[in-house]
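Chain by chain, the residues run as shown.
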Amino acid sequence: METLEFRFNSKPVPRVADPALCGVVGSGNLEILVKPGIEPEACRVRIKTSARGFGETWRAVLDSFASSHPAGGTVIAINDMGATPAVVTLRLAQALAEYQGGAL
Amino acid sequence: MIASLAARHSWFEATARARVAGLLDPGSFSEILPPAESSPSPHLALLDLPGAFDDGVVVCYGQLEKKPIFAIAQEGQFMGGSVGEIHGAKIVGMLRRAVKEKPAAVLFLIDSGGVRLHEANAGLIAISEIMRAVLDVRAAGVPVIALVGGSCGAFGGMGIVAKLCSAILISEEGRLALSGPEVIETVAGVEEFDSKDRALVWRVTGGKHRYLMGDCAMLVDDDIAAFRSGAAEFLAGWSEPAPSVAHLRAGQQALENRLAAYASYRDGLQVWAALGIAEPESVPLLDRDALVALKEGLPT
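Reading the values: rules and limits
Residues numbered from 1 in each chain as written. Chains lettered and ligands numbered in written order. Predicted model: local features only at pLDDT ≥ 70, side-chain atom pairs only at ≥ 80, totals over all residues. Helix = DSSP H or I, 4+ residues; strand = E, 2+ residues; numbered from the N terminus. Rg over C-alpha atoms; globule rule 2.2 N^0.38 Å. Buried ≥ 20, exposed ≤ 12 C-beta atoms within 10 Å, placed from the backbone. Contact = placed C-beta atoms within 7 Å. pLDDT = per-residue confidence, 0-100. Pairing = 2+ DSSP bridges. Axes fitted to C-alpha atoms, helices over the stretch in contact; angles between N-to-C directions. Parallel < 35°, antiparallel > 145°, perpendicular 65-115°, else oblique. Left-handed = near helix turned anticlockwise from the far one by under 90°. Nonpolar A, V, L, I, M, F, W, Y, C, P; charged D, E, K, R; others polar.

## Section: the overall build of chain B
At step 1: Check the secondary structure of chain B and you find 13 helices and seven strands.
At step 2: Over its C-alpha trace chain B gives a radius of gyration of 19 Å, about what one expects of a compact globule, namely 19 Å for 300 residues.
At step 3: The burial tally for chain B puts 47% of its 300 residues in the buried class.
At step 4: The long-range share in chain B, meaning contacts at least 24 apart out of those at least 6 apart in sequence, stands at 72%.

Structural data, given as structure tokens:
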């Protein structure tokens with residue numbers, strides 16, 4: 001297992017609801033928990049992943065996501081069981097939509 | 001046919017959270033120890049494995065047709081729904097609370113291969129505590145209904161737990177047994193049981209077989225709405241009987257009769273023929289309603 005931590009600048013999310021969870025820690029899948037953070041212009045991400053050595057891939061996927069979606073003011077915790085970048089991006093969008101109240 | 005399939009929300013495919021949300025009255029779901037407030041298994045972290053925030057089980061209260069209900073839902077996709085220390089403690093805590101608060105029922109959405117071997121003794125102790133707690137809830141007059149229809153079925157210790165419940169509702173996709181197919185093949189060899197023969201596995205452990213044998217009270221379609229209406233219908237006609245020695249003796253006698261009648265058979269097909277089914281090979285192809293009609297027509 002590898003633990004990774006990142007911080008990205010991102011526009012604030014327009015609405016803050018309860019903590020949101022999506023996904024399951026199953027093979028090729030991951031779970032994402034979005035909670036409110038203290039920095040409105042930044043998104044902090046902490047990942048625990050079963051696949052070692054993909055830190056730069058995570059950074060690229062998350063950086064792209066944080067620049068294309070408003071995710072500021074959140075702390076995101078991820079438990080990963082080998083999800084591909086496409087699945088990660090999809091789940092992030094899903095989790096952030098849930099965090100804003102449900103609509104994808 | 002296609003339209004009716006499109007309207008279904010498969011229980012088998014759904015996550016534990018989707019199952020429990022669809023089972024309870026809309027908006028009544030209230031989770032205890034939600035993911036944001038709980039932490040993953042420390043045992044898995046020691047083994048360098050990622051955990052899940054809820055440790056693979058959702059415990060909650062809510063309503064089923066306006067009656068107060070406790071629900072426990074195992075997530076089969078996370079480590080085979082296996083019971084670790086935190087996972088087990090959440091289940092036991094919910095069952096003990098049911099003894100005190102006496103909801104109309106506890107719905108136990110089982111989807112598990114049994115003990116989480118990574119957590120060894122902690123998992124084994126958790127399973128035994130769950131067994132005791134289920135019996136305590138029933139002794140307090142609260143029915144515990146097992147709902148089995150997930151990809152992991154109910155095996156190992158959770159197979160025993162399922163049979164300790166007041167009743168089991170199962171889908172054709174659901175499975176129920178003690179040792180799982182792979183375990184039997186590993187221990188006794190492929191001649192004893194070929195775990196890769198999926199059709200055989202279902203003929204021996206699957207929902208239709210369990211329903212025909214009388215191990216499960218109800219066979220339902222692989223549909224969240226069917227599990228919901230089945231659970232509501234079952235509870236409406238059920239009151240938890242007081243534990244009695246006579247009842248236990250009758251159960252023991254029934255098991256002995258069953259062993260004497262079927263122990264030499266190798267396949268569900270032989271058992272179904274012995275039950276009096278004229279065309280046992282047609283059973284796997286029957287839909288739920290046809291199979292229920294077949295069972296109701298059998299000699300008792």
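## Observations regarding the confidence of the model for chain B
At step 1: With 99% of its residues at a pLDDT of 70 or more, chain B has an overall mean of 95.
At step 2: Here the complex is predicted with pTM 0.95, and the ipTM for its interfaces comes to 0.90.

## Examining the sheet that holds strand S3 (residues 30-36) of chain A
Residue and element names in this part refer to chain A.
At step 1: Strand order across the open sheet formed by five strands is S1-S4-S5-S3-S2, with mixed pairing between neighbours. Pairing within the sheet leaves two strands with one partner each, and these edge strands are strand S1 (2-9) and strand S2 (20-22). Each adjacent strand pair in this sheet contributes to an overall mean axis angle of 15 degrees, direction not counted.
At step 2: With seven bridges joining them, strand S4 (residues 42-49) and strand S5 (residues 74-80) adopt parallel strand pairing. Paired with Ile47 across the strands is Ile78, a residue of S5.
At step 3: Seen against the sheet, helix H1 (residues 55-68) touches S1 and S4 and runs at an angle of roughly 30 degrees to S1.
At step 4: Contacting S2 and S3, helix H2 (residues 85-99) crosses the sheet at an angle of about 35 degrees to S3.

## Some words on helix H2 (residues 16-23) of chain B
At step 1: The set of residues buried in H2 of chain B consists of Ala16, Arg19, Val20, Ala21 and Leu23 of chain B.
At step 2: Contacts made by the buried residues of H2 of chain B are with strand S2 (57-64), strand S3 (67-74), strand S4 (105-110) and helix H10 (224-236) of chain B.

## Things to note about the packing of H2 of chain B against H10 of chain B
Residue and element names in this part refer to chain B.
At step 1: Remark: H2 packs on H10, axes separated minimally by 9 Å, with the N-to-C direction vectors making an angle of 50 degrees. By the criterion of interaxial angle, the relationship of H2 to H10 is oblique. For the pair H2 and H10, the crossing hand works out as right-handed. Across the interface between the two elements, Arg19, Gly22 and Leu23 of H2 pack against Ile224, Phe227, Arg228 and Ala231 of H10.
At step 2: When grouped by side-chain class, the residues that make up the contact of H2 with H10 number four nonpolar, one polar and two charged.

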